[in-house]
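# Fold and contact review
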Amino acid sequence: MAEVTPNILVVIPLYNHAETVRQVVEKTLQLHKQVLVVDDGSSDAGATVLEGLDVRILRHAENRGKGAALKTALDEAQRLGFSHILTIDADGQHDPADIPLFIAEIEKYPTALLVGKRDFEQASIPGSSRFGRQFSNFWLRVQTGKSLADTQSGFRAYPVKIIQGLRLRETRYSYEIEVLVRAAWAGVELRDIDISVYYPPSDERISHFRGFMDNFRLTLLNTKLTMRSIAPWPHRKLVESGEVEQKISVLQPLRSLRTLLTENLTPGQLAAAGAVGVFLGALPILAAHTIVILLVAGYFRLNKVAAVGASQLCMPPLVPGLCIEVGYFMRNGEFLTELSVQTLGYQALDRLYEWLLGSLLVGPVLAGAVALIIYLMAVSIRRETTSAAVVGDVPSETLKREQAWTSRSIGASWQHQSFYLMIRLGGRHAAYLLLYFVVFYYALLPSVRRKCLPYLEHRFPQAGGWTQFVNRYRMCLELGKVLVDRALVGILGPQRVKVELLGKQELLELLAENKGLILVNAHVGCWQVAMSALGFMKLPVNLLMQRDAGDIDRHYFEHAGLECPYKIIDPHGFLGGALEMVAVLKRGEVLSVMGDRMLGEDRNGVAVDFMGGQVTMPFSAYKLASATGAPIVALLSYKTGPDSYALKLFRTIRVPAELGRGSSVFIPYVQEFAETLEAFCQENPFQFFNFFDMWQTSAAESAAEHEPISNREL
Amino acid sequence: MGVKEKLKQVLIEDLNLEDVEPDEIDDDMALFGEGLGLDSLDAVELVVIIQKHFGVEIKDMEEGRPAFQTINTLAKYIEERLA
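Summary of the structure given here. (Residues numbered from 1 in each chain as written. Chains lettered and ligands numbered in written order. Predicted model: local features only at pLDDT ≥ 70, side-chain atom pairs only at ≥ 80, totals over all residues. Heavy atoms only, no water.)

## Side note on the nonpolar core
Note the threshold: Here, nonpolar core means buried Ala, Val, Leu, Ile, Met, Phe, Trp, Tyr and Cys residues that are tied together by side-chain atoms lying within 4.5 Å of each other. Per-residue accessibility, obtained with a 1.4 Å probe over protein chains only, is compared with the maximum for each type, and a residue is labelled buried under 20%, exposed over 50%, and partly exposed between these values.
Of all hydrophobic cores here, the largest spans 109 residues; its most connected members are Ile518(A), Phe610(A), Met617(A), Tyr622(A) and Phe68(B). If you look at the next biggest cluster of nonpolar residues, it comprises 34 residues, including Ala69(A), Leu113(A), Tyr158(A) and Leu180(A).

In structure tokens, the structure reads:
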């Protein structure tokens, strides 16, 4: 809005305050020349006492109420071209000396409705006024979510055009409440201004607030406004506030959250709103959920849409049923298994009581879970948005690929921490339980979908949209379980997981050759946990892997504060660790590498057939095997039960010596591994955790140019 | 033939370095990266070559790393082991 000097008309509504009004007007005129007195049909001397003063006077033939007087003043102000009216009570309780405060504030906030806040700490204020003020403040907050310190104050500044745009129906004192609520709904900012106040001793005070009738009117108005405030249709906005009202639905949690997040809500606020919605939604307040939720959300200024949206999760029959069962269990020590007219009909009151009982337990738990989930999602959406904003001129393709490998894209530190906490508190089952919910939402994330798609499309080419989602859920769930297990082993000890080694005899025979052993693994199952089964070899195990300083997810031994049981060979080291790897094999030790993706600076990939397409796989391991004579085993792990894994020797690959220089000579051997991996995926379709689009490039040459990826160890 | 000359010759033959003559390889030229342009796979091959032609086994990274720099360092390493 352009800077326009506000053009202010001071309005003094008058009804039977002949004794005080002249003084008020005189004081006002000393500070401001434009004054209008609206005599609302006074039965005493009325405006006649103002004789000789330079004021405009309008008169109602009969008493119509303060609201009507203000309406008359607004019409007059509009007719005369004033931008604002500043209202002062005629009874002398307001000090016109505060007018300059208002004028300064009007200049700063020309579209706001300003309300003088009386300092009630002063002794001469009657207690009933105090209570009345609190009460009406409360309702304003319920109805609009906005708060004002003194909603009953008559010392106010109204922007004329905006107020004239409101549809106001009240004519009495209640007008002053209605105008606040409707203005707030219309997007008008409500602002407090500290003012001084004078309450005359009670014997001198004349108030025209008629206790019963005005209270009755206020109650009616409050009821009406409250009903309106919880109605779903939007309020007509007179002032642009930048808020966008979009459809929010529990069926589209991500889009809804994203919409809500754009309204300057923090993830914390959204989570709180969701928690309140779910908590109240679980209570057996029959047929009144939405109203109660809206009122409570309004009072706490929580996002109503989020609260009501989240409460939909408590729709029958699931959550009420659960509450009743829990309540029944609390009362009877067993679950209600008999569903009949007897138990659901005649004993309905008992069930209702149990519902209440159960909801007091289920409600907070569910609310906490929902809050956590909303928070998780909101944070990750926000991160997606911000990182997209930060990236700027960095080639996004490169960045995306780099990110695809880091655990940071799978979850932030505190998200991992929350699972660690669950493990410590409730063991595997608690962590798994949390997983079933969290993964559901993860599976909805577009970024997760993007990462799962390449593999799932190749593994299940026939799958439709729904099956694809189910597959994605299962895959993410398996990954989640693996991550939990890995932490579990670290936190609670390796005995928590049984690992069966399949092919031990063959391994022993290969080791007996004393040429070293190359284990080629892939990003499947939980290789880290499974490796514990190799302890029998009594040989140093060397891992080719890269650690990033910022890695969040931990290796199991780190949970326990143990020293790393493996020697790590850094692919970024001298000659990509090549000399070290040769040395390891020459000493007859075990070297473990990842065979399903290119690593670090490694440019040595060959194209092989994999699941109906061509992928690039590294061949360095095969070169090492050729140079040293070490046998290669494809050793892959998979989860076989809640607390068991298998580590299976799928195939032994022999690479002959002196194959010579060049990459193509290794293709047959890499292809053997690719076939092994494909067979593994046939058996364990949801334990393939290489979230990289392996199929994007078919030729080794182009792969070499496009591999700025960093290795992530599962 | 000295160790350096033999090294250059087997390097070119066994690593199939095309269009490179032995006297084009400078004694102080970096073997890997800039210079001769060998990569990590060639390093693996080189370990095998040195064992095959000189009977010297490189088992220890601490020794291998300073040796795998230039013809000079490599020749010195081999000569020390042969002596």
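## Digging into a negative patch on the surface
Residues and elements named next belong to chain B. Operational definition: For patches, a residue must show more than 30% relative accessible area and have no salt bridge; joins then use 9 Å for like charges and 5 Å for nonpolar side chains, namely Val, Leu, Ile, Met, Phe, Trp and Tyr. Throughout, the Shrake-Rupley method with a 1.4 Å probe supplies accessible areas, and for residues the shown protein chains are the sole cover considered. The salt bridge definition used is simple: a Lys or Arg side-chain nitrogen within 4 Å of an Asp or Glu carboxyl oxygen. We treat Lys and Arg as the positive residues and Asp and Glu as the negative residues; His and chain ends play no part in the count. To locate a charge, the coordinates of NZ of Lys, CZ of Arg, CG of Asp or CD of Glu are taken. Helix and strand labels come from DSSP, where a helix needs a run of H or I of at least four residues and a strand needs a run of E of at least two; each type is numbered from the N terminus.
On the surface, a cluster of negative charge is made up of Glu18, Asp19, Glu21, Asp23 and Glu24. Its place among the elements puts Asp19 in the loop between α1 (3–14) and α2 (40–54). Under the relative-accessibility criterion, Asp19 is labelled exposed at 75%.

## Side note on a nonpolar patch on the surface
All names here are of chain A. Together, Met213, Phe216 and Leu220 line one region of the surface with nonpolar side chains, adding up to about 280 Å² of accessible area. Within the fold, Phe216 resides in helix α7 (residues 211–230). For Phe216, a relative accessible area of 42% gives the class partly exposed.

## Some words on the side chain of Lys66(A)
What counts here: Here, two residues are considered to be in contact whenever any of their heavy atoms come within 4.5 Å of each other.
Within the element layout of this structure, Lys66(A) appears in helix α2 (residues 66–80). In this structure, Lys66(A) is in contact with Pro13(A), Asp40(A), Asp89(A), Gly154(A), Thr171(A), Arg172(A), Tyr173(A) and Glu176(A), ignoring residues within four places of it in sequence.

## Things to note about the sheet that holds strand β4 (residues 84–87) of chain A
All names here are of chain A. Put simply, the rule reads: One bridge is not enough; two strands pair if DSSP finds at least two bridges between them. Axes, fitted as lines to C-alpha atoms, cover a helix only where it is in contact. Angles between the N-to-C directions of the axes lie from 0 to 180 degrees.
Pairing within the open sheet is mixed, and its 7 strands lie in the order β3-β2-β1-β4-β6-β5-β7. The two strands at the open ends of the sheet, each matched to only one other strand, are β3 (56–60) and β7 (190–195). Each adjacent strand pair in this sheet contributes to an overall mean axis angle of 25°, direction not counted. Sheet topology places strand β2 (residues 35–40) next to β3; 5 bridges connect them, and they run parallel.

## Digging into the environment of Tyr622(A)
Residues and elements named next belong to chain A. Looking at where Tyr622 falls in the secondary structure, it is placed in helix α23 (residues 620–628). Accessibility expressed as a relative area gives 1% for Tyr622, which makes it buried. With 43 residues separating them in the primary sequence, Tyr622 and Val665 have C-alpha atoms 9.9 Å apart.

## Regarding the packing of α23(A) against α2(B)
Each packed pair of helices is defined by two parameters, the angle between the axes and the distance between the axes. The following threshold applies: By the definition adopted for this analysis, an angle is roughly parallel if under 35 degrees, roughly antiparallel if over 145, roughly perpendicular if from 65 to 115, and oblique otherwise. Residues were grouped as follows: Ala, Val, Leu, Ile, Met, Phe, Trp, Tyr, Cys and Pro as nonpolar; Asp, Glu, Lys and Arg as charged; and all remaining residues, including Gly, as polar.
α2(B) packs onto α23(A) with a crossing angle of 5° between their chain directions and a minimal axis gap of 10 Å. Between α23(A) and α2(B), the angle is such that the two are roughly parallel. In this structure, α23(A) uses Ser620(A), Lys623(A), Leu624(A) and Ala627(A) to contact α2(B), whose residues at the interface are Leu41(B), Val44(B), Glu45(B) and Val48(B). The class makeup of the residues in the contact of α23(A) with α2(B) is 5 nonpolar, 1 polar and 2 charged.

## Some thoughts on the interface of chain B and chain A
How we decide: Buried area is understood as the total, over both parts, of accessible area removed when two parts are fitted together, assessed with a 1.4 Å probe. N or O atoms closer than or at 3.5 Å make up a polar contact, with two conditions inside protein: a donor-capable atom paired with an acceptor-capable one, and, for residues adjacent in sequence, both atoms drawn from side chains.
Across the contact, 24 residues belong to chain B and 17 residues belong to chain A. Buried area between chain B and chain A, summed over both chains or domains, comes out near 1,900 Å², and the portion from carbon and sulfur atoms is 67%. Where chain B meets chain A, there are 2 salt bridges. The closest approach of N and O atoms between Lys623(A) and Glu45(B), which form a salt bridge, is 2.7 Å. Between the two partners, chain B and chain A, sit 2 residue pairs in polar contact (both at pLDDT 80 or more). Looking at the side of chain B that touches chain A, the elements with two or more residues in it are α2 and α3 (61–67) of chain B. The greatest single-element share of the side of chain B that touches chain A, amounting to 10 residues, is contributed by α2(B). Grouping the constituent residues of the side of chain B that touches chain A by class yields 11 nonpolar, 5 polar and 8 charged.

## Some thoughts on the packing of aromatic side chains
Basically, it comes down to this: Ring pairs shown here join Phe, Tyr and Trp side chains whose ring centres sit within 6.5 Å, with only the six-membered ring taken for Trp; geometry is labelled stacked below 30 degrees between planes, edge-to-face above 60, and tilted in between. Here, a charge over a ring is recorded when the distance from Lys NZ or Arg CZ to the ring centre is within 6 Å and its angle to the ring normal is within 35 degrees.
Evaluation of the coordinates by the stated rule reveals 13 aromatic pairs over all chains. Taken together, a centroid distance of 5.7 Å and an interplanar angle of 25° make the contact between Trp466(A) and Phe469(A) stacked. In this pair, Trp466(A) and Phe469(A) both sit in helix α18 (residues 465–492), 3 residues apart, roughly one turn of the helix. Pairing Phe32(B) with Phe68(B) gives two aromatic rings, centres 6.0 Å apart and planes at 10°, and the pair type is stacked. With Phe32(B) in the loop between α1 and α2 and Phe68(B) in the loop between α3 and α4 (71–82), the pair connects residues that are 36 residues apart, well separated along the chain. The class of Phe68(B) is buried, set by a relative accessible area of 0%. Within the aromatic cluster, the residues linked to one another by ring pairs are Tyr455(A), Phe610(A), Phe688(A) and Trp695(A). Looking at Arg191(A), its charged tip hangs above the ring of Tyr109(A), at a distance of 3.6 Å from the centre. Directly above the aromatic system of Phe460(A) lies the positively charged group of Arg459(A), at a separation of 4.6 Å from the ring centroid.

## So, the side chain of Thr72(A)
Residue and element names in this part refer to chain A. Relative to the assigned elements, Thr72 resides in helix α2. Classification of Thr72 by relative accessible area gives buried; the value is 18%. When neighbours within four sequence positions are excluded, Thr72 is seen to be in contact with Val38, Leu58, His60 and Arg64.

## As for the pairing of β2(A)
All names here are of chain A. To be explicit about the condition: Handedness of a crossover is defined as follows: with both strands directed away from the viewer, a clockwise route from the first strand across the helix to the second makes it right-handed.
Of all the 6 residues making up β2, 6 are buried; the element is thus mostly covered by neighbouring parts of the structure. Of the two faces of β2, the one lined by Val35, Val37 and Asp39 and the one lined by Leu36, Val38 and Asp40 are each fully buried. Relative to β2, strand β1 (residues 8–14) runs parallel, the two sharing 5 bridges. Across the sheet, the residue bridging to Leu14 is Asp39, located in β2. Note that the unit made of β1, helix α1 (residues 18–31) and β2 has a crossover that is right-handed.

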